[in-house]
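# Commentary on secondary and tertiary structure
The primary structure of each chain is shown beneath.
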Amino acid sequence: MRRRERPDFFPPNVCPINAKANTFYGIMFDAGSTGTRIHIYTFVQKSPEDLPEVEGEIFESVKPGLSAYADQPEKGAESVKTLLDMAIDAVPPHLWKKTPVVLKATAGLRLLSEEKAEALLSEVKEVFEESPFLVPEDSVGIMDGSHEGILAWITVNFLTGQLSGQNQQTVGILDLGGASTQITFLPRFEETLKETPGDFLTSFEMFNKTYKLYTHSYLGFGLKAARLATLGAFNMEVVDGQMFRSSCLPKQLEAEWHFGGVKYRYGGNKEGETGFKPCYLEVLKVVKGKLHQPEEIRGSSFYAFSYYYDRAADTNLIDYERGGVLEVRDFERKAKEVCDNMERYNSASPFLCMDLTYITVLLKEGFGFRDNTVLQLTKKVNDIETSWTLGATFYLLQSLGMTY
Ligand SMILES: O=c1[nH]cnc2c1ncn2[C@@H]1O[C@H](COP(=O)(O)OP(=O)(O)O)[C@@H](O)[C@H]1O
Ligand SMILES: [Ca+2]
């Protein structure tokens, strides 16, 4: 493949009229377990004292995620190339060489063998090397789970204006992915610091401030991994034709499902019970006693996104575009409604009852939230996606000396 050269339209020191001298770009790929996404950010730094401003974002995604190409790494890298080609049009040619491109993979790749994950990442690295962008060291890799939470926390608190000025009232965040789930907040009470296991606390420097955050990523507790765990199929050698059944699925259902490159057969409890109660107990077995419950979160409100948002929007608890504010008990009410009337919801995903029940159990019995804990569901703040990718891009630009 030929490298695209910078066209010599402009002499080296002259910018195009509409590109300000203090404008710069960053390209961040989120290689998630269910899809790969590109975020192309435009920043403006008005003065060294101020935080950079996000002027815009171009966002695009493809499905499935990289882990589905575990046995065809070149094909996986091709899906990344398709997205990267968008950046060639979005970034002015004279800034290509100064625009870093990075891909961070999350839980999908964490669950693959090291060999398969490495093969995928090295193909992606080649795609980057052939592009005209700046490819920093470690530009392609698997992200540490604790960084996922911290960087999402940075994003949300930056976008809601909590990281600038005095009087910062930061908000905690909940992210529910396909394969893992994260909780992150800034503890307010000394007591929380005392009763929290050391590996749940991380100091993090950003914008010349140090934050000591509570964060944890639970691998295998993403929504799709939880489906498999509920079915008793998570991390199992699946025997050909083996059937997994659950009381959270429509009685007559029998179907197949592909996740992480493996095919699963699943179905409803033909003869036995179905509905909210038995489903709740089934899901409870997956969650009970597996998560740390920090006392102080019971009374605070959290920002929640990813599958919390998607399932709330699917069931009209919130508006798909605008998001909304919910209490934990709203998920429980909806789970009851769907699970006890599965025939009425048979045009939706067969997993809707299981998913809503899992979200309810995870929030109440997993993290220990109260029924009336308030959740702010958002996809975007000021038109920018609430994803860890923005925090990761800030961190990247900071490490490259491009911001302060
Ligand atoms: O940038 C984003 N904007 C909005 N939703 C996102 C974005 N990135 C991921 N999601 C959501 O994340 C969920 C899937 O999780 P993902 O594929 O990232 O799994 P993982 O985090 O366990 O690897 C879906 O609900 C998807 O809509
Ligand atoms: Ca994710």
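Keep in mind that what you see is a predicted model, and the values were worked out from it rather than measured.

### A short note on the UniProt feature "active site" (unreviewed entry) in the protein
UniProt marks Glu-148 with the feature "active site" (unreviewed entry), using the numbering shown here. Positionally, Glu-148 belongs in helix α4 (residues 145-159). Using a relative accessible area of 5% as the deciding quantity, one classes Glu-148 as buried. Residues within four places of Glu-148 in sequence aside, it is in contact with Thr-106, Arg-110, Met-143, Ser-180, Gln-182, Ser-217 and Trp-388.

### Re unusual backbone geometry
The phi angle of most residues is negative, glycine excepted, and most peptide bonds adopt the trans form. Put simply, Lys-63 and Pro-64 share a cis peptide bond, and its omega is -5 degrees. Phi at Asn-208 takes a positive value of approximately 65 degrees, unusual for a residue other than glycine. Looking at the secondary structure, you find Asn-208 in the loop between β8 (201-206) and β9 (209-219). For Asn-208, a relative accessible area of 67% gives the class exposed.

### Brief notes about the site of ligand 1
In the vicinity of ligand 1, 21 residues are found, and the nearest of them are Thr-34, Thr-106, Ala-179, Asp-310 and Glu-385. The backbone of Gly-178 places a nitrogen or oxygen atom 2.9 Å from an oxygen atom of ligand 1. A distance of 2.3 Å is found between a nitrogen atom of ligand 1 and a side-chain nitrogen or oxygen belonging to Glu-385. When the free accessible area of ligand 1 is taken as 560 Å², the share hidden by the protein chains comes to 89%.

### Describing the packing of aromatic side chains
Taken as a whole, this structure holds 23 aromatic pairs when the rule is applied. Aromatic side chains Phe-302 and Phe-369 sit 5.2 Å apart centroid to centroid with 70 degrees between the ring planes, which places their arrangement in the edge-to-face category. With a gap of 67 residues between them, Phe-302 in strand β13 (residues 302-306) and Phe-369 in the loop between α10 (352-366) and β15 (374-377) connect regions that are remote in the sequence. In this pair, the class of Phe-302 matches that of Phe-369, namely buried. Among the aromatic residues, ring-to-ring pairing joins Phe-185, Phe-200, Tyr-214, Tyr-218, Phe-221, Phe-302, Phe-367 and Phe-369 into one connected group.

### Description of helix α3 (residues 114-129)
With 16 residues, α3 should reach 22 Å at 1.5 Å per residue; the first-to-last C-alpha distance of 22 Å fits that figure. Residues of α3 that are buried in the fold lie against β1 (23-31), α1 (73-90), β4 (101-105), α2 (107-110) and β5 (140-142).

### Quick notes on the state of the cysteines
By the definition in use, this model includes two disulfides. What pairs with Cys-248 in a disulfide is Cys-279, and their sulfur atoms sit 2.1 Å apart. Disulfide Cys-248-Cys-279: torsion about the S-S bond near 105 degrees, hence right-handed. Placement of Cys-248 in the loop between β10 (243-246) and β11 (254-259) and of Cys-279 in helix α7 (residues 276-287) is noted, with a sequence separation of 31 residues between them. Across the pair, Cys-279 and Cys-248 agree in class, each one buried. Numbered by order of appearance in the sequence, the disulfide-linked cysteines of the protein pair as 1-2, 3-4.

Cut-offs applied
Residues numbered from 1 in each chain as written. Chains lettered and ligands numbered in written order. Predicted model: local features only at pLDDT ≥ 70, side-chain atom pairs only at ≥ 80, totals over all residues. Heavy atoms only, no water. UniProt positions renumbered as here; feature names shortened; annotations may be inferred. Helix = DSSP H or I, 4+ residues; strand = E, 2+ residues; numbered from the N terminus. Buried < 20%, exposed > 50% of the residue type's maximum accessible area, 1.4 Å probe, protein only. Contact = heavy atoms within 4.5 Å. Near = heavy atom within 4 Å. Polar contact = N/O pair within 3.5 Å; in protein donor to acceptor, adjacent residues only side chain to side chain. Areas by Shrake-Rupley, 256 points an atom, 1.4 Å probe, with all protein chains shown as cover. Phe/Tyr/Trp six-rings, centres within 6.5 Å; stacked < 30°, edge-to-face > 60°. Expected span 1.5 Å × (residues − 1). Disulfide = S-S within 2.5 Å.

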